Amino acid sequence: MDETVAEYIRRTVLKIPRDEIKTMLQKWGFLSETQLQTINFHQIKENISQDVVQLCEENSANIKQAAVLDIIYNHIYPNKRMWSVYQMNKRGEETEIFDLTDFKKKFKRRLRSALKNVTINFREYEDNAIWIRIAWGTPYTKPNQYKASYVVYHSQTPYIFISASMLRSNLPLLCQALVVASNYHDIREMELRSHSLNSLKDIVFKRYSQNFQTYCPRPLQERNVAPESADLRIIHENKSEKERIQRVNQEVFGDGPQPKLEFAQYKLETMFKSDPKIDVLDKKEPFRCLVKFSSPHLLESLKSLAPAGLADAPLSPLLTCIPQKARNYFKIREKKGLFPGSFVSP
Amino acid sequence: HLATSLPLPSERDHLRPRIDLIAFMIDIKSKYSLKNVEASLAHVDASFFLGKVCFLVTGVGRVNYCSVEMNAIWKLGEVYCSPVLFCELELEGIRVATAQRLLRMLQICAGHVPGVSALSFSSLMRSSADE
């Protein structure tokens, strides 16, 4: 077995939390059950990984087989990577039946015709998700297994999730190969990025609880403000305002959990509006400014701003449109014309 | 009675008993909270400032998250002639002790402690803070 393969397997095993190693190796299926029995999974990870490498040596693992373990790890822990979303477009209306073998064949052929040194692995999962792992090399070097890219493609949808971690120069090639293999016409990057792959899927597949406009002439009397205290001696003076905030919040955010995003970025290219007496800029140029909101869970924190008394309800539509518009990167430019204001550009 | 800001909603005026003590809570982590308190102070009748107002500053345990400057708070206490109390709501011991202090102040302000008036008590508190 190649030295590099051994090292790669060793490092991959070290990434896995100790309690998960056995299950992951079983999922991998490369080592037999009897072989797995011989490993003591209670020793320190260093030693476990050495034992695993030893057994892989006996089975003469190659890099493609080692890569499968990496896919399994990333499928279980996708949130360690940053994912971007891409959308493909078809030229016409023809819906062709998706053929997995054809897809794989076309994809590999396209990539290999441009770049000989690539390691490509496919793995299918029950939810129609196709995971592709690509390790990139150059015409003169072997593929770098530690900087592999991941692609997740749900064949019934035009959406592709990519976790790049590679040279930007290989990205067009990857996109091209995907478009060709899936019989689409072109592909564009959406302004949507996050560590949480499932949340990105929730947003583009519209799987989160959306606010359906229901006609509600009177506020629902049964709605209770979150029971802060059962003590009847405490009287909340602003109860009706609190109820209004809850209602507005619920209309905007819906009832269910929000998709998990870590940031929203707004690039402002608007004119600086100041008191004409305070002449800050002598040139009438757009004032370039970048506003970034970050949070471990951005949408939940936005949802809790008004009830916590930190912001007025309703919140700015620039913040609340994030799931509907399926984007968390915005460019705001000056609106040209009679009504000066700002509008969000695609 | 808990309120997020003043003035109090007028629709509940008839249900409200006499107010003996107003405790303005300022979260030291939020500039918005200080602004809100300053805006609300304008709605308080002058007679309350004779010992029936106090400022309660919360969140003082987390030094790194201070957003409000201490000078601004001291100044507020001075300008409105009212005592400033500090507490950390997240620690049960301090929470309980602060509640007991406020309760004692409330008893005095409501006139339940013979011989001590709200005004005399507040001037007592102020002079000890100056030392």
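Keep in mind the model is a prediction, meaning the values are calculated, not measured.

Focus on the interface of chain B and chain A
With 12 residues of chain B at the interface, the matching set in chain A holds 10 residues. Between chain B and chain A, roughly 960 Å² of surface is buried when both sides are summed, and carbon and sulfur atoms account for 46% of that area. Area buried by chain B at its contact with chain A is led by His1(B), Leu2(B) and Tyr32(B), which between them contribute 51% of it. Its salt-bridge partner being Arg16(B), residue Glu237(A) comes within 2.8 Å of it at the nearest N-O pair. Here chain B and chain A share 5 residue pairs in polar contact (both at pLDDT 80 or more) between them. For the side of chain B that touches chain A, the per-class residue count stands at 5 nonpolar, 4 polar and 3 charged.

Description of the domain arrangement of chain A
Residues and elements named next belong to chain A. The domains assigned to chain A are domain 1 (3–76), domain 2 (83–205) and domain 3 (243–333). A C-alpha centroid distance of 31 Å is found between domain 2 and domain 3. Contacts between the two partners involve 11 residues from domain 2, matched on the other side by 10 residues from domain 3. Between domain 2 and domain 3, roughly 950 Å² of surface is buried when both sides are summed, and carbon and sulfur atoms account for 61% of that area. When the area that domain 2 buries against domain 3 is broken down by residue, the three leading residues are Glu 191, Arg 193 and Ile 203, summing to 56%.

Considerations on the packing of aromatic side chains
A ring pair, where both rings are aromatic, is described by two values, the distance of the centres and the angle of the planes. All names here are of chain A. By the definition in use, this model includes 20 aromatic pairs over all chains. Summarising the aromatic geometry, the rings of Phe 98 and Phe 103 are spaced 5.6 Å apart at their centres and angled 50° between planes, so their arrangement reads as tilted. Ring geometry for Phe 103 against Phe 107: centres 6.2 Å apart, planes inclined by 15°, an arrangement best described as stacked. Of this pair, Phe 103 and Phe 107 both sit in helix H6 (residues 100–114), 4 residues apart, which is roughly one turn of the helix. Look at Phe 107 and you get buried, because its relative accessible area is 0%. Taken together, the ring pairs in this structure connect Phe 98, Phe 103, Phe 107, Phe 122 and Tyr 153 into an aromatic cluster. Against the face of Tyr 146 rests Arg 11, its NZ or CZ located 4.7 Å from the ring centre. For the cation-ring pair, Lys 90 lies above Tyr 184, with the distance from its terminal atom to the ring centre recorded as 4.0 Å.

Calculation rules
- Residues numbered from 1 in each chain as written.
- Chains lettered and ligands numbered in written order.
- Predicted model: local features only at pLDDT ≥ 70, side-chain atom pairs only at ≥ 80, totals over all residues.
- Heavy atoms only, no water.
- Contact = heavy atoms within 4.5 Å.
- Buried area = accessible area lost by both parts, 1.4 Å probe.
- Salt bridge = Lys/Arg side-chain N within 4 Å of Asp/Glu carboxyl O.
- Polar contact = N/O pair within 3.5 Å; in protein donor to acceptor, adjacent residues only side chain to side chain.
- Nonpolar A, V, L, I, M, F, W, Y, C, P; charged D, E, K, R; others polar.
- Domains from an automatic or database assignment.
- Phe/Tyr/Trp six-rings, centres within 6.5 Å; stacked < 30°, edge-to-face > 60°.
- Helix = DSSP H or I, 4+ residues; strand = E, 2+ residues; numbered from the N terminus.
- Buried < 20%, exposed > 50% of the residue type's maximum accessible area, 1.4 Å probe, protein only.
- Lys NZ or Arg CZ within 6 Å of the ring centre and 35° of its normal.

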